[in-house]
Every structure is written in structure tokens, then in C-alpha cells.
Amino acid sequence: MPATGDGRAPGAADLPGAHDGAPVGHARNRPTTGPATATPPIPHPRSQPARTAHGTRHPAHLVEAGSVPAAGDGPADGSTPLRLLVIEDDASDAQLIKAAVADSGTSIEIHWARGLEQATQLLAQAFPATRRGRSRGNEFGCVLLDLASPADLPHPSDASDGLEGLHELLRRAPHIPVVVLTDAAGAELGAAAVAAGAQDFLLKHETDGPLLARALRYAVERKRADESQRRLVEAELRGQENARLQRHLLPTPLLDGAGLSFTRRYRPGRRRALLGGDFYDAVRTDDGTVHVVIGDVCGHGPDEAALGVALRIAWRTLVFAGLTGETLLTTLQHVLEHERRSDEIFATLCMLVIEPGAAVAGPDSAGTPERARLYLAGHPAPLLLGRDHPPVTLPSEFAGPALGLLPCHDGQAAWPAHEVELQPGWRLLLYTDGLIEGRVGAGSRRLGQDGLADLVADHQSAGLTRGRLVDSAIAEVEELNGGALTDDVAVLLLERNPVQLLLG
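The rules we used
- Residues numbered from 1 in each chain as written.
- Predicted model: local features only at pLDDT ≥ 70, side-chain atom pairs only at ≥ 80, totals over all residues.
- Heavy atoms only, no water.
- Helix = DSSP H or I, 4+ residues; strand = E, 2+ residues; numbered from the N terminus.
- Contact = heavy atoms within 4.5 Å.
- Phe/Tyr/Trp six-rings, centres within 6.5 Å; stacked < 30°, edge-to-face > 60°.
- Buried < 20%, exposed > 50% of the residue type's maximum accessible area, 1.4 Å probe, protein only.
- Pairing = 2+ DSSP bridges.
- Axes fitted to C-alpha atoms, helices over the stretch in contact; angles between N-to-C directions.
- Expected span 1.5 Å × (residues − 1).
- Salt bridge = Lys/Arg side-chain N within 4 Å of Asp/Glu carboxyl O.
- Polar contact = N/O pair within 3.5 Å; in protein donor to acceptor, adjacent residues only side chain to side chain.

A count of helical and extended segments in the chain gives 9 helices and 17 strands. A fraction of 70% describes how many contacts in the chain between residues 6 or more apart in sequence connect residues 24 or more apart.

One pass over the full model with this rule turns up 1 aromatic pair. For the ring pair Y266 and Y280, a centre distance of 6.1 Å and an interplane angle of 50 degrees mean the geometry is tilted. Here Y266 is found in strand 7 (residues 260-267), whereas its partner Y280 is found in strand 8 (residues 278-284), with 14 residues between them in sequence. Considered together, Y266 and Y280 belong to a single accessibility category, that of buried residues.

Ordered by their spatial adjacency, 5 strands build an open sheet running 8-9-10-11-14, and the pairing between neighbours is antiparallel. Looking at the sheet topology across the chains shown, the edges are occupied by strand 8 and strand 14 (418-422). The mean angle between the axes of side-by-side strands here comes to 15 degrees, regardless of whether they run parallel or antiparallel. Of the pairings in the sheet, the one linking strand 11 (residues 370-377) to strand 14 comprises 5 bridges and is antiparallel in character. Of the residues in strand 14, the one forming a bridge with E370 is L422.

Once that is clear, we can look at helix 6 (residues 302-320). The terminal C-alpha atoms of helix 6 lie 28 Å apart, and with 19 residues this matches the ideal 27 Å at 1.5 Å per residue to within 8%. Inspection of helix 6 places E304, A305, L307, G308, V309, L311, R312, A314, W315, R316, L318 and V319 among the buried residues, and these make up the whole buried set.

The final tally for this structure, using the stated rule, is 19 salt bridges. E117 is the partner of R172 in a salt bridge, and the nearest nitrogen-oxygen pair spans 3.2 Å. With a gap of 55 residues between them, R172 in helix 3 (residues 164-172) and E117 in helix 2 (residues 116-126) connect regions that are remote in the sequence. Residue classification places R172 among the partly exposed residues on the basis of a relative accessible area of 26%. Salt-bridge contacts for R373 lead to E355; the nearest nitrogen and oxygen are separated by 2.9 Å. Remark: E355 occurs in the loop between strand 10 (347-354) and strand 11 and R373 occurs in strand 11; sequence separation between them is 18 residues. Using a relative accessible area of 18% as the deciding quantity, one classes R373 as buried. Look at the salt bridges and you will find they share partners, linking E117, E168, R171 and R172 into a network.

Let us now look at the side chain of H291. When you line up the elements, H291 lands in strand 9 (residues 290-297). Taking relative accessible area as the criterion, H291 reaches 7% and is therefore assigned buried.

Take E206: it is sitting in the loop between strand 6 (200-203) and helix 5 (209-249). Through-space distance from the C-alpha of E206 to that of D183 is 9.0 Å; in sequence the pair is 23 residues apart. A polar side-chain atom of E206 sits 3.3 Å from a polar atom in the side chain of H205.

With 8 of 8 residues buried, strand 10 is to be regarded as a mostly interior element. Neither face of strand 10 is left uncovered, since the one carrying A347, L349, M351 and V353 and the one carrying T348, C350, L352 and I354 both have all their residues buried. Sheet topology note: the strand 9/strand 10 ladder contains 8 bridges and is antiparallel. Within strand 10, the residue paired with D296 across the bridge is T348. Summarising the sheet, strand 10 and strand 11 pair through 6 bridges and their orientation is antiparallel. Bridging from a neighbouring strand, C350 pairs with L376 of strand 11.

Even without glycine at this site, R466 takes up a positive phi of about 50 degrees. Positionally, R466 belongs in helix 9 (residues 466-481). Judged by relative accessible area, R466 falls into the partly exposed class, the value being 29%.

Such coordinate-based values are descriptive only and should not be taken to indicate function.
This is the structure:
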């Protein structure tokens, strides 16, 4: 319906149906009778809010597009009213919506737009207020869209389904709940609007004030629930992607032909994480030498996890490039110094180089001892699990400093090798300090390396081997600690196995 020059539709001021409690849209087709003052006119954009005969503010403020309510126009009780944007091309229906809202007794501030273009301008002005650190008071809480209003689109669709305006509104303001109005003949269109993304639909001739207010509140809560569900699904998808990424960052040992069984367990200290600052790897080079490493970046956050992955990949690359011993560790420290985010970050490391030896006939036969070189950079020494003696902690008197603590160029950072003889049927348990720093009981006593050796000996005497041995040891450490360990834990059990390689 065309508007007059003062912003009112013809006859908008003298609608007999424009009174409190009148159904929305009830008087659009009724004849105009009675005095012209039966209903207050639609306020001018710069006019003051309508007042009752007693001088008190009306619960609903109708503001035409482009105007802003004066400060203090909210309810007297100080609560924040729902800011409703009504998209309605008929001024009389807009006035009826105001009357219905007033009849509901709900604090609703109405803003009126004649079409999508005006509505888009109001929405664009309100949306920037939701940026971080600013008030959300200017944001519209809901939109009431009359489907009978022209779509007001620059390029209307040829195949019209009656929902062009709704589709465009949802595209322009996807974050705002929408309730649509339709007549009795358009009930199916209203249901289609809900299926298209609206939160609810109302029939004009059946809608009074309480029903309208209830539908608006329901739409707001349903939109919040939908947004929460959407964010939950997005978080779950991100979690799944992160889990897949972290799994791929854990190494696959390359020990084909080594005749070794390799059992590993890895538990990050962070909740809902698969990767921590601990790292490990094991490879066999073409000359038959087996290289094993286990390390621990100080801390167990995402930055430390990323640094641990970088060190592990660099270690494998350097091994296949032919580096070993102190040369490899010096180069690895340079990698750490360039990759760490702070000079205080360091990493402990244990590296084992097992030289190729004579074939072992069997676990119970008298085979040839093997020789290995042990390098320690501030890391706990491994446990040697023999067949005829309790676990023994390998010597650590040749241990050097942790990577990143001392500069390499002045000769202070040195990691000499310790020669180890491995008897037939040997087993080596390598671990990070998260396993031995758990508490024992309610006091401040820690498990320590000797406590771990005694604990593993008990489980060995019970006949546990390989994965069961490692799992039961970790479980008892956690039980002694009174709960899950807070630090990252990595455990490797490497065993001479003359049969096919086993990865546990």
C-alpha cells in the first residue's frame, strides 16, 4: 500500500480495529468508520514515544526505519526490552502489531521497516555493535516478517514460491531469529517458511498479543538453541580433525628386518589431547643399525607438542642422512634453538644406537651379545630388563645437559656415548619423566627410578610381558599417584625378538 508524505498509509490513523488486543491484520480489509482519532498515528521518525492518557509510557515503542529511540525509552523496571524489527509494507498492520504487543504486557521495542532494503540498513547499523568488547544492546532480538509484503528484491526470482523475502532476509541476517506472518490461506506457506529457516509462523487473524509475545520469545530461544547446536557440531568436527591430525603426527617405527618387538604407550597430560611435548621414534638404517630416541620438551601445551613433533621429524631426517652421536645431537639442538618460542624452552632426550650383531638363534639359546651406545641429554636412563636378574637402571654418569640449556659453540654441551652390552634376550624400557614423577601416597614422595624398577620387577615376576607389562605398570603408577598423571608420559619397551617384528 503506498504511503503518504507524512509516513502514514492512507486511513492508518482511523482504523477501528487498531485497539489493544485486536488480532494482527484483522482490520486490513474493513471499512473505515468512526472518528479519525480512534488510533494514534504512526509516529514520525523523530517524534517522541506515544503516551497513554495518564502520561505513562506505552510498553511498546514503534519506531519507523531510520530513527533511533531516545535514551531511557526502555521499561521502567530497568530490564532490557526485546528489540523487534517489523518488516511490513502496510502501516495499518504495523499499527495493529503495536497494539497487539501492548496488549501482551511484554517489554518489546518495535522498529518498523517497509521493506527489505530499509530492514537491511537497520540490521547493518545494529550488527557491528556485537563486536568483541562492545555492548550488544543495539542488536535486534527478532524479526517479524509479513510474507504478504513485497519481496523488494533487485532481481526477483522467476519461479516464485512466496518465500523470496524470507530467503533474502536469512541470507543478509543469518544470526537473527525470524517469525513470519501469513493469512489463513497461507498456512502451508508458513510451514514452508519454518522449513526454510524461520523459527515460527503466525496466522494474522488468529494472533493476539499474548500469542505474538510467546511466539517471539520462543523464536529467540529456538535460535539460541540452534546456534548452540551448530557451535557444538562445529567444535566436534574440529575436534575430530585435530584428533586425526595428531594421530598422523605420532610416528610409525621403521624396524623391518630388525628382529625386534616394539611396544609403545603415549599419554599426553592435556585433557582432550592426543599429542603432548613428549616424542619418540625408532628406525633401522640400511647397514642394519637400529636407532631409537625418546624425548621430552619442557611443558605439555600445544606449542610444546608442535616443537616435539619438529624435533622428532628432524631426528629421523638426520639419522637417514647418516648423522649419529654428538654430531646429530648438536644439530638437533640448533633445530630446537630456531624453533622454540622462548630461550627458556629446553628438551631432554635419550638416544640408543644398537649396532648390527650376529643373528640370535632363539630366546633360550646362548647367542652373541650385542653392543649399543647410549646418549643421555638430561633424560632418565633406561631400565635393562634381564631374564635372570631384576631390572637395572643403565649408568648415567656420562649424561650431558638437556638440549637448549647450554650453547654448543663453547664446548659446554657435550653428550659422550656410554657403551652397553646387551645379553641375549635383553629388554630395554625407555620412558619420560612423567612416569617417575608421580606421587607415592598422600605425601610429597615421588616414585623415582628406583621405585619404577621395583614396580616393574613385581609385574615381571607375575608373568606379564610386552603390552600387558607396560599397561599394568602405568596403571599402578597412576594408582599410587591417586589419579591420572598430570605430565605427558611416553613409554617404549624394546625387546630382542628373533621372530617377526611385533609392534605393541
